[in-house]
Amino acid sequence: MPLWHIHHPPNTYSDKDKQDFARDITEFYTGVGLPAFYVVVLFIEVPETSFFVGGEPTRDTVRIVVEHLARHLDDPDLRTRSTRKLDSIMTPYTRDRGLHWEFHTHESPRDLWMIAGLIPPGPGTEAEKTWARENKPLPY
């Protein structure tokens, strides 16, 4: 499961922007075989009085935390390519709008994750492919 926490100032994103951003994120993950329902995107508005960078309030910063549970990357080159790809997904919604952005990715242990009371099937298994095709968790 990728879980994206997108912390942003109020009025940074319209409802359509949020839908488009979430769609672009989801398309990336489904493109590598993950079920769409694995992808969760949270837009969290943070008022200027509660959003500080370097001890100063900010009006133009977006801070994103990406949590990966379904896949982990051990190869340093693959990690770099993945980080650059995630950044490219963010760019139209950050840099291209004149915003400052920062993000990090956290990989949570896969064995500490459940969906609807089920331990998700292993990467690339027939059960995972079924979950992706049906777009819902199913007993296996």
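What you see is a predicted model; the values in this text were computed from it and never measured.

Basis of the calculations
Residues numbered from 1 in each chain as written. Predicted model: local features only at pLDDT ≥ 70, side-chain atom pairs only at ≥ 80, totals over all residues. Heavy atoms only, no water. Helix = DSSP H or I, 4+ residues; strand = E, 2+ residues; numbered from the N terminus. Expected span 1.5 Å × (residues − 1). Buried < 20%, exposed > 50% of the residue type's maximum accessible area, 1.4 Å probe, protein only. Contact = heavy atoms within 4.5 Å. UniProt positions renumbered as here; feature names shortened; annotations may be inferred. Pairing = 2+ DSSP bridges. Right-handed = clockwise from strand over helix to strand, strands pointing away. Salt bridge = Lys/Arg side-chain N within 4 Å of Asp/Glu carboxyl O.

(A) Looking closely at helix H1 (residues 15-31). If you check H1, its first and last C-alpha atoms are 24 Å apart, about what 17 residues at 1.5 Å a residue would give, namely 24 Å. Listed in full, the buried residues belonging to H1 are Asp17, Asp20, Phe21, Ala22, Ile25, Phe28 and Tyr29. Among the structural elements, strand E1 (2-8), strand E2 (40-45), strand E5 (61-68) and helix H2 (76-90) are those in contact with the buried residues of H1. One or two steps after H1, the chain reaches glycine 33, where phi turns positive at roughly 100°.

(B) Layout of the UniProt feature "domain: Tautomerase cis-CaaD-like" (unreviewed entry) in the chain. UniProt's feature table lists "domain: Tautomerase cis-CaaD-like" (unreviewed entry) at residues 1-136, given in the numbering used throughout. As annotated, residues 1-136 comprises 30% helix and 24% strand, and the C-alpha atoms at either end are separated by 13 Å.

(C) Quick peek at the pairing of strand E6 (residues 100-107). Pairing analysis gives eight bridges linking E5 to E6, with the strands arranged parallel. If you follow valine 65 over to E6, its bridge partner there is histidine 104. One crossover worth recording links E5 to the parallel E6 by way of H2, and it is right-handed.

(D) Structural detail: the pattern of salt bridges. Under the definition given, this model contains 11 salt bridges. Linking aspartate 20 and arginine 23 is a salt bridge whose minimum nitrogen-to-oxygen distance equals 3.0 Å. With aspartate 20 and arginine 23 both in helix H1 and three residues apart, this pair spans about one turn of that helix. Relative accessible area serves as the criterion here: at 37%, arginine 23 is assigned to the partly exposed category. Among the ionic pairs, lysine 129 bridges to glutamate 126, the shortest N-O distance being 3.6 Å. Highlighted residues: lysine 129 and glutamate 126, both in helix H3 (residues 126-134), separated by three residues, approximately one helical turn. Lysine 129 gets classed as partly exposed once you look at its relative accessible area, which sits at 43%. Given the relative accessible area of 56%, glutamate 126 is considered exposed. A network of salt bridges, in which partner residues are shared, links Lys16, Asp20, Arg23, Asp24 and Glu27.

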